[in-house]
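Now for the letters of each chain:
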Amino acid sequence: MSTTPATPAPDADWWRQAAVYQIYPRSFADANGDGIGDLKGITSRVPYLKQLGIDAVWLSPFYPSALADGGYDVDDYRDVDPKLGTLEDFDEMSAALHEAGIRVIVDIVPNHTSDRHEWFKEALASPKGSAARERYIFRDGQGADGELPPNDWTSIFGGGAWERVTEPDGTPGQWYFHLFAMEQPDLNWDNPEVHEDFKKTLRFWSDRGVDGFRVDVAHGLKKDMDAAHDDLETIHRADLFSLGEHPLWDRDEVHSIYAGWREIFNEYTPPRTAVAEAWVHADRRAKYASPEGLGQAFNFDLLQADFDAGQYREIIATNLAEAAATGASSTWVFSNHDVVRHATRYGLPKGGGHIGVGQDGRDWLLRGGDPAEVDVELGLRRAKAATALMLALPGSAYLYQGEELGLQEVGEIPDSERQDPTFFRNPGIEVGRDGCRVPLPWEQEGTSFGFGSGGSHLPQPAWFGRYAASVQEADAGSTLAFYRRALALRHELQGAERLTWHESADDDVLHFERPGGWHVVANFGDAPVNLPEGDLLLVSAEAEEGKLPAGATAWIRSQG
Ligand code: BGC
């Protein structure tokens, strides 16, 4: 008997234990055959998303953009990029997702606009000191003719953080600040007009039925641009500052912005949700995740961890305790559009496997490591074990498109085809993030492996066909089948947000229990281990003679 899919019930707590699937729209599915994924493409794949068993999608930016930073350079926050569709397409997509019981989260990019935003164009056309310039961070340069940047701060993407403009009269003029690419001028969050405009944007999408927001660079909005900077080798040396005192990151004042946003979220039923992208010290995350603030914050700790039982246990315990203390729920994530896919990270040559800022081995592939050195089988095996563990944890789990196919990072993109600004701003040093943004393979063969009829905006390697969704749909032993099973079972797990650890004799084994007699055992070691008694519900790699093999996780329900 078929059942009619219900629209999501108005449950104010839906986000607490949601499995959220990140869609990078221009690389998901291309309905109009222009080589770039679009909203109609997403709508066409709603049945796939429904079958996957996720609770929500988070869409990376789909707003008008020159794609200088993959859409994180926004020209207009309240419209859809014509390359990706129209507002009507958005409504259609959103209705189809809701009909399938899937909530919709959109990405808000408040730190910077694009340089094609109306405001920035107006700022360039207006004189120094004008109200139009006050929406951004303009300063006079140093030197006799202001020919030197106001200070030596550098951009996250490499190179200086200041760009000089040509004044309306044609003379070289002031400089504007950009934490990221030069096409991404930073907004001035000391200007009330900026606050009002973002509130308008939040209402615009909330009124359209959007369920929540992912807040880009949430820890960067408030800045002390007058901070002494002479002693800075580089502005990104956070270790030179006490917590909360860095001129650019994680300043206490930022929370007043989110308190204002919370009032807007709470005007809706159910309240709109938000998750902060805040790369901050663990002790400082709670403020972003507080009920008076955004409500939830990404914790990238597991993403930065090695495949190591001790590290995992410490991270899980700390984050659950932190969430319990603040009333938020934990977030877990292994892959997104900014990092090397975890199926590849976990197969990196010796010592690799983490993406930790400043740690040795960081961004191994982003920095041009040789893909031939990746142990693909080991990487996928560990990635599945890690994901199975994550999906059994209390809190919400964020998945990135393609990981359900076991997709590997694409390391072999020719330089001439690269798009990421981090590649262009760091010649010969970084290859950038394009490798995890290659359009998905839906079919084993054919034009762009079923992504669309007009090719793919980033080149797909020949091996992509092996990972195609259609191939995996027909195979009960595939990674896709494993994700579907885990996500379906996870719905039964969404009871109380707690777990109990069982001590294991083996340091390489983690064992915890969730309410209802669910045991989760993860084997990080090299040898098979015994499993507790009960029904084996899920195992990330074939159990051997009743034992859990190396690099695998199992879910067991104890009888009685
Ligand atoms: C996004 C990146 C983007 C940057 C600037 C990040 O945190 O996730 O993809 O390049 O913000 O907007």
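Going by the structure above, here's the rest.
Residues numbered from 1 in each chain as written. Predicted model: local features only at pLDDT ≥ 70, side-chain atom pairs only at ≥ 80, totals over all residues. Heavy atoms only, no water.

Overview of the sheet that holds strand 10 (residues 396-400)
Item 1. Here we have 7 strands laid out as an open sheet, ordered 8-7-3-2-1-10-9, and parallel in their pairing. In the strand order of this sheet, the two ends are held by strand 8 (273-276) and strand 9 (331-333), each with one partner. Pairs of neighbouring strands in the sheet enclose a mean axial angle of 25°, with direction left out of account.
Item 2. The sheet contact formed by strand 1 (residues 19-23) and strand 2 (residues 56-59) spans 4 bridges and is parallel. Residue pairing in the sheet places Val20 in a bridge with Ala56 of strand 2. (Pairing = 2+ DSSP bridges. Helix = DSSP H or I, 4+ residues; strand = E, 2+ residues; numbered from the N terminus. Axes fitted to C-alpha atoms, helices over the stretch in contact; angles between N-to-C directions.)

Some details on the site of the ligand
Item 1. The immediate surroundings of the ligand are formed by 14 residues, with Asp69, Asp216, Glu277, His337 and Asp338 found nearest.
Item 2. Separating an oxygen atom of the ligand from a side-chain N or O atom of Glu277 is a distance of 2.5 Å.
Item 3. Take Arg433: an N or O atom from its side chain is 3.0 Å from an oxygen atom of the ligand.
Item 4. Its free accessible area being 310 Å², the ligand has 96% of it covered by the protein chains. (Near = heavy atom within 4 Å. Polar contact = N/O pair within 3.5 Å; in protein donor to acceptor, adjacent residues only side chain to side chain. Areas by Shrake-Rupley, 256 points an atom, 1.4 Å probe, with all protein chains shown as cover.)

Remarks on empty space enclosed by the protein
Item 1. Counting across every chain of the model gives 5 cavities of 30 Å³ or more.
Item 2. Volume-wise, the largest cavity comes out at about 100 Å³.
Item 3. As for the largest cavity, its lining consists of 13 residues, of which Arg285, Ala289, Glu322, Ser329 and Ser330 are closest to the centre.
Item 4. If you list the elements that add at least two residues to the lining of the largest cavity, you get helix 7 (285-289) and helix 8 (309-326).
Item 5. Ranked by the residues each element gives to the lining of the largest cavity, the list is headed by helix 8, at 4 residues.
Item 6. For the lining of the largest cavity, the class distribution of residues is 5 nonpolar, 6 polar and 2 charged. (1 Å grid on protein atoms, 1.4 Å probe; cavity = no way out; pocket = protein on both sides within 12 Å on 5 of 7 lines; lining within 4 Å. Points joined across faces, edges and corners; volume = space filled by probe spheres on them. Nonpolar A, V, L, I, M, F, W, Y, C, P; charged D, E, K, R; others polar.)

Topic: the environment of Asp338
Item 1. By secondary structure assignment, the location of Asp338 is in the loop between strand 9 and helix 9 (342-345).
Item 2. When its relative accessible area of 18% is taken as the criterion, Asp338 is described as buried.
Item 3. Within polar-contact distance, the side chain of Asp338 engages the side chain of Arg433 at 3.0 Å. (Buried < 20%, exposed > 50% of the residue type's maximum accessible area, 1.4 Å probe, protein only.)

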